[in-house]
Structures are given as structure tokens and as C-alpha cells.
Amino acid sequence: MGGFVEHAHSFGLLDFPKIRQRAADYCLSEEGREVFGLSLPLDDASILSRIQAELAVIGSGLAAGDFPLSEFPDIKTAARRLSVEGAVLELADLFALGIWAKGFDTLAGALRALPFPPSGSLKAPAPDLVYPEVFAAYDSERFAAEWAAEPASVLLDEVPKLHDIYRIIFSVIGPDGELKDLPELRKIKYSITRANKDLLSIADSYRNDPDLKSALQSGEPTLRDGRTVLAVRSSFKGRVKGIIHEVSATGQTVFIEPAALVDKNNELVQLSARLAAETARILRETSEALRKYRYAIIEARRALALLDPRLARAIQCRREDLVLAETCDSGFSIWRGRHPLLGKKAVPIDVVLPDTTRTLIVTGPNTGGKTVTLKTIGLFALMHQLGLGLPAAQGTKFQIFDAVLADIGDEQSIDQSLSTFSGHMRVIADIAAKAGPRSLVLLDELGAGTDPEEGCAIAMGLLDHFIETGSLAIATTHHGILKNYGYTKPGCLNACMEFDSTKLAPTYRIVMGIPGESRALEIVAQMGLDQRIVTQARLYLDEERSNVGELIRSLSEKHRELESLERERRARLKEATEDQRKVDLASLRVKQKEAELRKRGVSELDQLLSESRRTLGNLVRSLRESGMTAEGTREVKSFISGLDAAVENQRSEAERLNAELEALVPVESGELLIEGREALYGSRAVRARLLRKTDGERWIIEVGSMRLTVKSGELRALRQVPAPKLSVDVELAARLEASQAKAAFELDLRGFRLTEALAAVERQIDAASLSGLNLFSIIHGTGEGVLGPGIHGYLKTHPVVADFHFARPEEGGYGKTVVRLKV
């Protein structure tokens, strides 16, 4: 690919430099801000996809917290001086370089810990890399041109470690930015302190001399030209022998260095010179020690210049709640998009351009939002390809353009003797020459500024040209002929900015598929134009107006009606799908319950049959021993056969229910995944609801309160069967459960609520009465003292209960009640 075409005029109209700089301000370093400010949008979808993946990784690191985000000092001067043989860095430059190097190592370490996508075949150099002459100079423009060329993982593998640099610097400089108290400096500073004390002591001797008190203008010594002197009244200057350094402006005071102070002042000057020389030596040796790392510093600055803008993008997305748009093959889709410079006051817009559309003609009222919509589309395309987050909703997507060319606003120029029309035509001529099959062309008020008939002809000729070149063109206009062009030209689509005819105000909502009216009269009336003028203008308009406006209004109304019906249809479909899901789920639960009850019933019947066989077998032997006839024996065997048949019937019914349940179990066919229904997700077969299918083989599902995007292969559909009449099945289950109740010799109710326990006692009494069990016990425990008194109260009023009492201590005591029924 040839690279993205930088069209400075279009960038300015779309406020792209301002948006780019606002994002660059999130950088932590001057290197990052400078490269970010020079970066251009990408025109390679694969590189953009990698950059977005890296931003997602950095965003996860930021979300985890404790990420180093300290600002880097400016080290341009330090880096430049290190490249000069023999140059010495100032103390402030050394301190800034040390802070920078330490911050770089910390940030690089944090970024290395992140799971960036692998770099593929690119291989990082060895750690002991000798830096070539390609890094002999720092070139921010070259770095900006290749800002996305290298993956983050490669950059991080290549960056040098700067530990030796800040170790050298901070061995001589303290955390306050001053030189440390090194031994060689400490000795000189001590001598300077002692010399100052001697000077003060000599000066005090003059101040305390009774003969000189009246001669001194001030009791305290002062400094002139770095030497300690005394302020003497000019009338007494003869009393103090020494060197006159200065006379005051009034002539009343003479500053004299007494002879006794000359030697000490000379000593102090020499000591100060020694201190300066020693300081210069330390700075010179430190600078020389750092010079061999100059290439490493240049490469580290390059790495920071390329990594810092990526970190800035991720920080901006997180702090401003932005989304990274997807990349599509053709056109674009914007959902809930807001112009970045308008902030929260911007009205969100939805614009979806079909794949087959290459020209969009937008009409509608003045101040209705056409120009803002045009700017938003162009700016979003540039931001997307620069790797920036967009103030829009998920699902926003753009194709990759190699140029974004715009003509928006007033191009009048007095300096160049250009009218509005001439200014527009000059820009449009440049756009027409540069536009190609992968260009996005934005034209505001196309055909305006000249005779309407000729303006329309020029506009249609331009649109024909952009269709032939394959450019994606979006134009706004008020010309009615262009609305007809949008209907008749293949690949063209009309759209309008909606106008609320009841409130006589624009809604700033774009409606695809139909043209709009300018509504100029309504707008000027709202803006305060005299009503008589508006009425007269309306009369003129009514005389000349054709039925096109009425047709447009009719189309608009029909479109709104269709939209309303479509929304209602979708709502009803959603409700019906939800109802069907609930019925399917209820049917499955009832059948599972019925199968469980039948299975339990078959098991109990098997047990009963086994016991009956033993009982009746004993009975047959007893009858034979007592002389029973063969006919009696046959009747007994018939009874046993009848029990066998009953059990077999119950087993067959259970198998039938299991077969129906198997029809509801998951199957591996992706064709049965239907929006609104349920499926099983993952190896644990978690029940999930299918919300909608995204592009490709992915579904958005709902598991509890969470929404996930998963692959179709991770889902197993539920095969649906016609839902039975739930009332019949529920009644059958209830009857089956009631018929299988069996009396127990000891009924354990511990852990039951009182209402559940009383229901169990009632079933126990009924079953015991039917089976002839007159004596049984109930375990209720002592617990909180609720179950025992409640059950006793129920037993007192039951007509079948003859007597009840607590069990003996060794059998349960107050936690167990023995019940005797009436015979």
C-alpha cells in the first residue's frame, strides 16, 4: 500500500489535529507527545488490528492497577550534549537524565510483564547489542512515520536496560538534585566554612573597637565583589586603613576592605575556586562516563516515543470511556456516535451505510445537524485508523481508507479574490484529482453558491466522477434534483435529517432511505424573523411549489409508520419468543418431575412385587399343606401375574417419558441454534439464552446476569418438542405422588418447617390408616420448640388419633412422639 494521504486542508476542517493533540496530551514523555503529534492514520488493516490488540492488553494492565504512570522529564538538551565529544552536562541535565532513565526501566519492566501478542517471525537482538550508527541521531519525524510498524513485543525485547546510567548519576547526585557530600567536596567546604568564621571574627573586632564604633555606618560586615568589607562613614574613612571597593550613591558611605581582611578574603576566593573546579571535574567525569551510553539513550528514547503513544491511547480509552471500532470490508456503521469536541451535549447519531452503497446524499433542514454528522463521520474514520477510541457504542465499524478528503464550510478568501463558490470549487478540484477507490470524500452543501440549475449539474457531474473512481462519497445538499439523483443512480442512497413537524424543530436524527426538506421557513420563523415576512414568503413559495415536497412528506410519514410497525413487530416477536422459552422450560421441568416420580414408583412397585411374591409363596405353601385345591393355586398365581403386568406398564411409561426427555437434550447441530431460545454452554453444560448472532460464527448469550460472546462450537442446542398441556401433566404427577405415599413406622421431620411437617403428618396418618398401622412414632427434635408443640396441637384435633405421648428417655424423650390410632 502507498500509505495514507495527508490532506492538510481536510484535516483542519475536520479538527483532526486538535483531536490528535488532545490524545497526545495523555503521553507521559516529550518523546511520545512529539511523535504522536506527527503521526498519520494507518492504511493497513492488519497493522491496525495488531495495534488495537495491544491497546486491549495495555488496558487490562491499567485496569489491574499499580501501573507506573509517572511523567518523564525533558532530556533533549542532555541527549544532544552527550553526542558532542568533551561536552559537559549541567547538574540539572544530569538529574533529569537520571530520573528519565530510572522511569524508563520501570515502565519497560511493567510493559514486559503484559501478555502482548507474539511477534511472529520477527526476532529480537541479543541483550549485548552494540548499537549501530542508525541510532546516532534521534529523528522524531522518522519515528512518527513508522509509529506502528514494530509490534510492542519486539520493541520491548529490543530496548536497552539503563540501570548503569542512573546508577552512575545517582552515585554523585542526591534525590534533591544537588551534588552529594562527597569526601573531596566535604574537605573544601569545611575549609570555606572555617575561613568565613575567621572573616566574621576579624570584622567583629572592628565593630567592638571603641575608637571605631562611631566611624562604622553599620555594625554588620557586607559583601562587595565576593569579598567581605565594612561600611564606613565617609567622614571617618581615614580611620580604617584598607582598600576602597565602592562608594554609596549619596556619598555618605564608603565600603572598605581592611588590611586585616585581605588575606582571609584571598584565601576564601581560592577555596571557592577549588570548589568550583572540583565540581566541574565531577560533572566532567560523570558526563564522560555516560557518553558511551549515548546510543542506548537514543534507542531508549525511540522506544519510548513509539510505546508512550500506545499507552496514551489506552489511558484515554479508559478515562473517557471510548470504544475501539471494528474494521469491515466496505462502508461503515456508527452507533450512538458523538462528536468528540461537543462532549456530552452532542446528540448521538446512528449511521449505517449498506455494503452496496458508495454515495450517500443527505438532505434536511438548516441547523438540523447535517454538517456535524458529516464532520463526525470523517473524524471517526481518521480516529479509527489512528488507533484512537471513539465516543460511540460497541458495534461501530469502518472500512480502511487511504485518504479522507473534505470540503466543509465557507471557503471565501478576500486575500486571494475568491468568492464562496470559487473557493469551494478550488478545493473540490483538488479533491477530485486526489480521490481514489479507497478514498472517503465529504462534501458539504454541494452545488451551492451559484445558479441552482448549474450548481446541480456540477454536483451530479462530481458525483458521477466519484462513482467512477470508486470513492465513498457523502454529500449534503438542499437541491431537489439531487434527491431524485439519489433515487435513480445505482449505488446511491438518500438520507435526511429528521424534523419534528409538531415542535417545528430538528431532532438531529438521521433517517436512511428517504430525502428530507430544507424547512427554511420554519427555521427562520423560529429564529425571530417577522411573521409578516414569513407569511409573504410562504405565499410566493406556494405559487411556485410542485408536489415534490408533498411527496417527500408522504414518504417520510410512510417511513415513520413502517419503522413504528417494525418496532412493534420486533417487540411482539421478542415477547412470543420469551413466552415459548418459558413454556419449553416448564414442560421440561414437569416431564423431568414426572419421570422421576415414575422411576421412584417403579422401584417401589418392584419392591412391593418382591415382597408380595414371598408373602403369596408362603401363602400357597400353607394352603397346599392345608389341602388347597388347584383352582385356588391358579388364582394366587394370576394375582402375582397381574402385579407383574402392572409393574411392567409403569416401567414402559417411565421409558416413554425418558425418550421424550432425550428429545430435549443437547444436540451437536449448529443449525438448531435459534435466537431467543436456550442452549447449553461449555463443558459444564451451563444453561444460557441465545440473544443474537454476530458476524461470523459467534453468538451473544446471557448466562444469569452476564452477557458473553462465544463461538458457535461452544454451544449445544436444545431440540424442541411440542409443549404438552401443563395442567394435565401436573395433575398426573400429583396423583402419582399421592398414590405412592407409604406409611412409616418412624416419621423423621427434623429440619422441616411447621407447615411442611403438618402436611407430612397428615399423609402419614392417612397411609397408616389404609395399611392398618395403628402405632407409629414421629421424630421432631427439641430445636427451637416449634415443631413439637405444633404437631401435638394438630394431633389433639385429629379424629383418627386415639392417643399420643412423648417417648421414653432412652428412645428419644421430648424429641420424639409416639402416636396410637383408633382401631
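Quick caveat, the model's predicted, so the values are computed rather than measured. In this numbering scheme, every chain counts its residues from 1 along its sequence in written order. Under the rules for a predicted model, residues below a pLDDT of 70 receive no local features and side-chain atom pairs below 80 are neither given nor counted, while totals for whole chains, interfaces and linings still include all residues. Remark: hydrogens and water are excluded; side-chain values derive from all non-hydrogen atoms of the structure.

Engineer: How would you sum up the packing of aromatic side chains? Please name residues and give values.
Structural biologist: Whether two aromatic rings pair depends on their centres lying within 6.5 Å, for rings of Phe, Tyr and Trp, where Trp uses its six-membered ring; planes under 30 degrees apart make the pair stacked, over 60 edge-to-face, and the rest tilted. Following the criterion strictly, the structure yields 7 aromatic pairs and no others. Each ring, one from Phe-332 and one from Phe-398, has its centre 5.4 Å from the other, and the planes form 15°; the classification is stacked. Of the two residues, Phe-332 sits in strand S6 (residues 332-337) while Phe-398 sits in strand S9 (residues 397-398), which places them 66 residues apart along the sequence. By the burial criterion, Phe-332 is buried, and Phe-398 matches it. Labels follow the DSSP assignment, with helices taken as runs of H or I lasting at least four residues and strands as runs of E lasting at least two, numbered in each case from the N terminus. Here's how the labels work: a residue is buried when its accessible area is under 20% of the maximum for its type, exposed when over 50%, partly exposed in between, all with a 1.4 Å probe on protein chains only.

Engineer: Go over the sheet that holds strand S5 (residues 326-327), please, and point to the residues and values.
Structural biologist: In this scheme, strands are said to pair when DSSP sees at least two bridges between them. Strand order across the open sheet formed by 4 strands is S5-S9-S6-S7, with mixed pairing between neighbours. Looking at the sheet topology across the chains shown, the edges are occupied by S5 and strand S7 (349-352). Looking at chain direction, S6 and S7 are connected through 3 bridges and run antiparallel. Each bridged residue has a counterpart across the sheet, and for Ile-334 the counterpart in S7 is Val-351.

Engineer: Kindly report on the pairing of strand S11 (residues 439-443), identifying the contributing residues and their values.
Structural biologist: Of all 5 residues making up S11, 5 are buried, and the element is well covered by its neighbours. Taking every second residue as pointing to the same face, both faces of S11 are buried, with Ser-439, Val-441 and Leu-443 on one and Leu-440 and Leu-442 on the other. The pairing of S11 with strand S12 (residues 472-476) spans 4 bridges and is classified as parallel. Looking at S12, one finds that Leu-440 is bridged to Leu-472.

Engineer: Describe in detail the side chain of Thr-228, supporting the description with residues and values.
Structural biologist: Tracing the backbone through its elements, the reader meets Thr-228 in strand S2 (residues 227-233). According to the relative accessible area criterion, Thr-228 is buried, its value standing at 10%.

Engineer: Explain the pattern of salt bridges to me, using residue names and the numbers behind them.
Structural biologist: When a carboxyl oxygen of Asp or Glu is within 4 Å of a side-chain nitrogen of Lys or Arg, the pair counts as a salt bridge. Using the criterion set out here, one finds 27 salt bridges in the structure. Residue Glu-30 is joined to Arg-33 by a salt bridge in which the shortest nitrogen-to-oxygen separation is 3.3 Å. Highlighted residues: Glu-30 and Arg-33, both in helix H3 (residues 30-38), separated by 3 residues, approximately one helical turn. What you see here is one network of salt bridges that share partners, running through Glu-146, Glu-150, Glu-299 and Arg-302.

Engineer: Talk me through the nonpolar core; I want residue IDs and the actual numbers.
Structural biologist: Buried Ala, Val, Leu, Ile, Met, Phe, Trp, Tyr and Cys residues that are joined via side-chain atoms within 4.5 Å together make up what is termed a nonpolar core. Counting 106 residues, the largest nonpolar core has Leu-97, Phe-104, Ile-165, Phe-332, Leu-440 and Ile-474 as its most contacted members. Considering every element that reaches this core, the biggest residue donor is helix H12 (residues 294-320), with 12 residues. Any pair of residues with heavy atoms lying within 4.5 Å of one another is described as a contacting pair. Ignoring sequence-local partners within four residues, the contact set of Leu-97 consists of Ile-75, Leu-82, Leu-89, Ile-165, Ile-169, Leu-290 and Ile-297. Listed in part, the 20 residues of the second largest apolar core include Ala-435, Val-441, Ala-475 and Leu-482.

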